[in-house]
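Fold and contact review
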Protein chains: 2
Amino acid sequence: MGVSLRDVAARAGVSVKTVSNVVNGSAPVSPHTREKVRRALAELGYRPNLSARSLRRGRTGVVALVLPGLDDPYFAELARLVTEAAAEHGWTVLIDQTGGRADRERQVLRGAGAQLADGLLLCPVTVGRRELADRTDATPLVLLGERVPGGTVPQVAVDDRRAAYEATGHLLSLGRTRVGVIGARGPRGPGAARRRLAGHRQALRDAGLPQDARLVPPTGTYRRAEGAAVLRRLLELDEPPQAVVCFDDLLALGALRAALSAGLRVPRDLALAGFGDIEDGRYSTPTLTTVSPDKAALARSAVALLAARIDGAPGGSGDSGAPAVVAGHRLLVRESTVGVAAAAGPDPVVPPQSSGAQSPGAQSSGSSTGAISS
Amino acid sequence: MGVSLRDVAARAGVSVKTVSNVVNGSAPVSPHTREKVRRALAELGYRPNLSARSLRRGRTGVVALVLPGLDDPYFAELARLVTEAAAEHGWTVLIDQTGGRADRERQVLRGAGAQLADGLLLCPVTVGRRELADRTDATPLVLLGERVPGGTVPQVAVDDRRAAYEATGHLLSLGRTRVGVIGARGPRGPGAARRRLAGHRQALRDAGLPQDARLVPPTGTYRRAEGAAVLRRLLELDEPPQAVVCFDDLLALGALRAALSAGLRVPRDLALAGFGDIEDGRYSTPTLTTVSPDKAALARSAVALLAARIDGAPGGSGDSGAPAVVAGHRLLVRESTVGVAAAAGPDPVVPPQSSGAQSPGAQSSGSSTGAISS
DNA sequence: ATGAAAGCGCTAACAA
DNA sequence: TTGTTAGCGCTTTCAT
C-alpha cells in the first residue's frame, strides 16, 4: 500500500497521534515538532487513506446526487452548481444517473448497493409520496426540484404552478388564444408537471378561455425528439395552437425544430415557450422564451438542507416537520414569442441575465435566495 | 451506526466469517446455514460498510473521471457512457470538473486531496507531456480524448488529424476555397486542437490552396459565446470565409447563431461544420454537419484500459509501453453544409445514425471497436 | 464447512 | 504538548 501515518511517525521520530494532529490540526503542536513532521510528510509523500478515515469517523465526505441523466443540460448545469455548493461544505459529489427509471429511483431510496454516501440529493422523476413514506434507509435525504406535501422530507423547488401561470399568461398577452401544452403528465417529478399544468389552466380560466384537452397531449420523456413528435401531432389538429408552452426546454427545442421544418414561422405562426433556461435556448434561432429557475439557489439550498440534516441540526424552522424551500424564477422573454426586434439588444446574442431585464414583457417572481416555509 | 456483520452473525447464530461468505460468495456455505444467514441479513437490513471493506481490500471500487465540465454536452454524454461502461466492471464513477483550469488538472495528477479513487480517467485540457512525466502519484491513469506520445500513459482518442482532414475536405468539395477555422490553439487537450489544425492544413495543401493565417484566429474556451465572437471577427475580414470548420460543436452552434444574426444564409453564404456530434446539432436549424467520434468506443476502451491497469495486467500489447487506442469517427453531413434537401430523409429530424448513412457525402473512417497500437 | 483472531489506517479517549 | 491504546467493520490467514 501507500505511506501510512505510522511510517511518517517513525521517520519524524514522533508518535502517530502527533502526525495526525499536524495533518488535521486537531490539537496544538509545538512549532519545532510540527516542522519535523511536515518535512517527513513531504519526504514520504503522505496522503491520507480516505477509507480508514471514513471508517473511523463514520462519515465518507461524499454525498450522492441522484438525477435522471446528465444528457439533459438542465441537470448537467444543476450538477455543476450542486458540486460547487457541496465543495464549500467539504463534500465530494457522486452523480447517480437513473435514466428516469422507476426501479433505479426506488433502489436509491432503499439504499441499495453499498453505503458510500453520507447523504442523498434526489431529483425524482417517478417516486412520490408513498415511496418516500415507505422508506426505511436512514441516510439523510433532500428532494431537489420536487414538492411532496406532508413535511416528511426536506425539499427545494420553484413555484411551478406560478411559473406556468406566468408563461401561459405571457402567451395569452400576445393575443394567442389557442395555447397548447407539451410535457403534461411527463417526468421531472410526478408532481411538477401536474402543478405546471394547474398553473396553465388557471391562466386560461383567468382569461376566460376554454380548456381544450386536445391541446394537451400526453408526453413521455423530456427529450428533443419527444418535443418534436408531440408538436407534429398538435399541428395535425383541425385547429392547431397559435402558441405552445413546453414544460421543459428540450421539449421546446425539439418542438421548435419540428415547427420550422413544417414551414412555420416562429413566433409569427407559432409562439413557443420552455422551462429551464438551458444554454441551448439562448443560442437557438429564434432564441427561446423560457422560465428560468434560480438554479444556483436550488443547488445552494439543497446542499444547505442536506448539511443540516447530516449534522443533525433541526434544519430550518423548528421541529414542525421538514423544511421546504421555494427558489425563485423569472420568465425570460426572447425571440420565440416576441420576435427578433423586441428581444435583442445591441448584441443579437444576449447573455442570460440581461435578456429578461431588458425585455418589456419579462416578469419575475420569487426571491433568488429562496423562501423557507414548512 | 448501522448494522454490522457481527450483529447479523449474532442473530443468525453463526460466525462473522460465515456471514461474510454468504454476502460475498467467497466460500461455500451449506444451504441450511445460508438460509439462516439470508434471513438474518434481510431482517436486520444489513448493508456493507464500504469504508471498512475498502480499507481491508485496499480498493474503493470508485474511479474518477476528470473533465473540464458537464456543461459541455459532449462531456456530459461521455460521462454517461463511461459510467455505464464502468458499472459493468462493478465500479462507481466520480466526476471531477476542472473548469478547464490548469491548476486543477495538475492537482488531480498530483493526487491531491485524498485517495478516494482506484483509478483516474483524465480528459486533459492543459496538461501535456511534461506534467505527465513529472507525475509521482501511483494511481493508475488513462487519458481520454488526448494523445501524448512517448508511450508512458495509456490513452484513447480519435484520429483528430484525419477527422479534420475529412471535414475540411468536405467543405472544399463543395467549392468553398476560403475555409476558416474556429478552435485552433484552444483547449480540449493541448494536442488535439493542434492535430486537427494539421489535418485542416493538409487538406488545403492537397487541394493546392494557400494558407491564410487570418482565417485561423486564436480561440479560447470551447463555448457557444466564444464561437459566436470569433465568427463575428471572421466576418469583418476583407475577404470573409465561405466556410468554417469548428473544432467543437459548441463553437459551431455559437458561430451558427452569430452568422444567422448577421443575416447570412447557412449554408448558402457560409457553410459550417463542427466536431463532437452533440444532440443540439441534430436539432438546430439548420442541422449541423459534424465529425462524430465513436463515443461509446472511447468510453468502453478507456474503462477497459483502466481496468487492465488497476488489475495489474500488462494492459494490451506486451510490455512495450502503454497502449494507445484509436476510436473510430464518422463525418455526418447535415444541413449546415449541404442545405435542407440533401440532408433530410422523409423525416426532417433525423436520428444520429441514419443521418450519416443516408447522406451521399458522408465519409467514415476508423473502426468503432477501436484499433490498438502501442 | 465453519470459527477465532489479526490487522488494514485512522481518530478519539485517556495517560503521562 | 505528546504518547499509548482501543476499536471502527470488514476480509483474511490459520485452525478446526
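An unreviewed UniProt entry lists chain A under the name LacI family transcriptional regulator, with Streptomyces carminius given as the organism.

Here the focus is the packing of aromatic side chains. Residue and element names in this part refer to chain A. Scanning the model with the defined rule gives 4 aromatic pairs over all chains in all. For the ring pair Y74 and F75, a centre distance of 5.3 Å and an interplane angle of 80 degrees mean the geometry is edge-to-face. Where F247 meets F275, the ring centres are 6.0 Å apart and the plane angle is 85 degrees; that geometry is what we call edge-to-face. Of this pair, F247 sits in the loop between β7 (243-246) and α11 (249-261) while F275 sits in strand β8 (residues 271-275), and the two are 28 residues apart along the sequence.

Okay, unusual backbone geometry next. Residues and elements named next belong to chain A. In this structure, P286 follows T285 across a cis peptide bond, with omega equal to -5 degrees. With respect to the helices and strands, P286 occurs in the loop between α12 (280-283) and β9 (289-293). Here the phi dihedral of D277 falls at roughly 55 degrees; this positive angle occurs in a residue that is not glycine. Relative to the elements of secondary structure, D277 occurs in the loop between β8 and α12. Residue D277 is classed as buried on the basis of its relative accessible area of 4%.

Attention shifts here to the relation of the copies chain B and chain A. If you rotate chain B by 180 degrees and push it 0.0 Å along the axis, it lands on chain A with an RMSD of 0.1 Å. Both chain copies can therefore be described as sitting about a two-fold axis. Relative to the rotation axis, the closest C-alpha in chain B is found at S51(B), a distance of 2.2 Å. In this assembly, 100% of the residues forming the interface of chain B have copies in chain A that are likewise at the interface, indicating an isologous arrangement.

Moving on, we come to the environment of T18(A). Residues and elements named next belong to chain A. Inspection of the secondary structure puts T18 in helix α2 (residues 16-24). Spatially, the C-alpha atom of T18 lies 9.2 Å from that of P28, the residues being 10 residues apart in sequence. In this view, T18 contacts V29, T33 and V37; residues no more than four positions away in its chain are not counted.

Around DNA strand D, the surrounding shell holds 25 residues, and the nearest of these are T18(A), T33(A), L5(B), Y46(B) and R56(B). In DNA strand D, atoms within 4 Å of the protein come 64% from sugar and phosphate. Within the contact set of DNA strand D, a phosphate oxygen lies 2.8 Å away from a backbone nitrogen or oxygen of S15(A). L5(B) is positioned with one of its backbone polar atoms (N or O) 2.5 Å from a phosphate oxygen of DNA strand D. Breaking the surface near DNA strand D down by element, the ones donating at least two residues are α2 and α4 (50-57) of chain A together with α2 (16-24) and α4 (50-57) of chain B. In the surface near DNA strand D, the residues fall into 11 nonpolar, 8 polar and 6 charged.

A word on the pairing of strand β7 (residues 243-246) of chain B. Residues and elements named next belong to chain B. Residue alternation in β7 divides its side chains into two sets, A243 and V245 and V244 and C246, and both sets are buried. As paired strands, β7 and strand β8 (residues 271-275) are joined by 3 bridges and run parallel to one another. Opposite V244, over in β8, you have L272 as the bridge partner. With helix α11 (residues 249-261) bridging β7 and the parallel β8, this β-α-β connection has right-handed handedness.

What follows covers the protein's contact with DNA strand C. Close to DNA strand C lie 25 residues, the nearest being L5(A), Y46(A), R56(A), T18(B) and T33(B). Of what DNA strand C places within 4 Å of the protein, 68% of the atoms are sugar or phosphate. With respect to DNA strand C, the side chain of Y46(A) contributes an N or O atom lying 2.3 Å from a phosphate oxygen. Between DNA strand C and the protein, one listed contact pairs a phosphate oxygen with a side-chain N or O atom of T33(B) at 2.4 Å. Secondary-structure elements contributing two or more residues to the surface near DNA strand C are α2 and α4 of chain A together with α2 and α4 of chain B. Ranked by residues supplied to the surface near DNA strand C, first place goes to α4(A) with 5 residues.

Attention shifts here to the interface of chain B and chain A. Each partner contributes residues to the interface: chain B has 51 residues there, and chain A has 52 residues. Overall, the association of chain B and chain A removes approximately 4300 Å² of surface from exposure, summing both partners, and the carbon and sulfur fraction of that is 56%. Considering only the side of chain B, the residues that lose the most area to chain A are R47(B), R257(B) and Y283(B), jointly responsible for 19% of the buried surface there. Applying the counting criterion to the chain B and chain A interface returns 12 salt bridges. For R47(B), the salt bridge goes to D137(A), with nearest N and O atoms at 2.6 Å. Its residues assigned to classes, the side of chain B that touches chain A shows 20 nonpolar, 17 polar and 14 charged.

Residues and elements named next belong to chain A. Per-residue confidence for chain A gives a mean pLDDT of 87; residues scoring 70 or more make up 87%. Residue range residues 314-318 is modelled with pLDDT below 50. Its contacts to residues more than four positions away, or to other chains, number 4 contacts. Every residue in residues 342-371 scores below 50 in pLDDT, and together they form 54 contacts with partners more than four places removed in sequence or on other chains.

Rules and cut-offs
- Residues numbered from 1 in each chain as written.
- Chains lettered and ligands numbered in written order.
- Predicted model: local features only at pLDDT ≥ 70, side-chain atom pairs only at ≥ 80, totals over all residues.
- Heavy atoms only, no water.
- Phe/Tyr/Trp six-rings, centres within 6.5 Å; stacked < 30°, edge-to-face > 60°.
- Helix = DSSP H or I, 4+ residues; strand = E, 2+ residues; numbered from the N terminus.
- Buried < 20%, exposed > 50% of the residue type's maximum accessible area, 1.4 Å probe, protein only.
- Least-squares fit on C-alpha atoms with pLDDT ≥ 70 in both.
- Contact = heavy atoms within 4.5 Å.
- Near = heavy atom within 4 Å.
- Polar contact = N/O pair within 3.5 Å; in protein donor to acceptor, adjacent residues only side chain to side chain.
- Nonpolar A, V, L, I, M, F, W, Y, C, P; charged D, E, K, R; others polar.
- Pairing = 2+ DSSP bridges.
- Right-handed = clockwise from strand over helix to strand, strands pointing away.
- Buried area = accessible area lost by both parts, 1.4 Å probe.
- Salt bridge = Lys/Arg side-chain N within 4 Å of Asp/Glu carboxyl O.
- pLDDT = per-residue confidence, 0-100.

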